[in-house]
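Chain residues, written in single-letter form:
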Amino acid sequence: AYPSVPDHIDIFTGNFKVGTRKCSKCKTYKTRQDFNGEEEKKSASKRICNGCGPPMPSDLSAFTIPQIKDELRKRGVGHDDVKGLKKAELVARLQ
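Owing to the predicted nature of the structure, the values given are computational and were not obtained by experimental measurement.

J.: Residue-level account of the pattern of salt bridges, with values.
T.: As enumerated under the stated definition, the model contains two salt bridges in all. Ionic pairing is found between Lys42 and Glu39, a salt bridge with its closest N-O pair at 2.9 Å. With its nearest N and O atoms 3.1 Å apart, the salt bridge here joins Arg73 to Asp70. Taken as a pair, Arg73 and Asp70 lie in helix α2 (residues 65-74) at a separation of three residues, close to a single helical turn.

Below, the structure is given as structure tokens:
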């Protein structure tokens, strides 16, 4: 009857597993893949996981058109509202 060990702890060393990050919003431990690139580099007190909805990256020009449309849909903008718009117009709606 061994005590259970949380998923973010290495059972052999007792240390955090490599790549473990804590979300400052939901307070749970996640892996590096659960954070976008900007959030992953922030300090633990400011880091928000993808599940909690991290803020928009500062550089929206790096987004592809499908990624911009997905973000707009998450914010309640309908498919017909973005159909046929250029990338600059989509980015403007996102901001």
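J.: Mind laying out the nonpolar core, listing which residues take part and the relevant values?
T.: Among the nonpolar cores identified, the biggest contains eight residues, and these are Leu60, Phe63, Ile68, Leu72, Val82, Leu90, Val91 and Leu94. Contributions of two or more residues to this core are made by α2 and α4 (87-94). Per-element tally for this core: the top contributor is α4, with three residues. Non-local contacts of Ile68, meaning those with residues more than four positions away in its chain, are made with Phe63, Lys87, Leu90, Val91 and Leu94.

J.: Would you mind going over unusual backbone geometry in detail, with residue names and values included?
T.: The phi angle at Lys27 is positive, at roughly 60°, despite the residue not being glycine. Tracing the backbone shows Lys27 in the loop between β1 (21-22) and β2 (29-30).

Parameters and conventions
Residues numbered from 1 in each chain as written. Predicted model: local features only at pLDDT ≥ 70, side-chain atom pairs only at ≥ 80, totals over all residues. Heavy atoms only, no water. Salt bridge = Lys/Arg side-chain N within 4 Å of Asp/Glu carboxyl O. Helix = DSSP H or I, 4+ residues; strand = E, 2+ residues; numbered from the N terminus. Core = buried A, V, L, I, M, F, W, Y, C linked by side-chain atoms within 4.5 Å. Buried < 20%, exposed > 50% of the residue type's maximum accessible area, 1.4 Å probe, protein only. Contact = heavy atoms within 4.5 Å.

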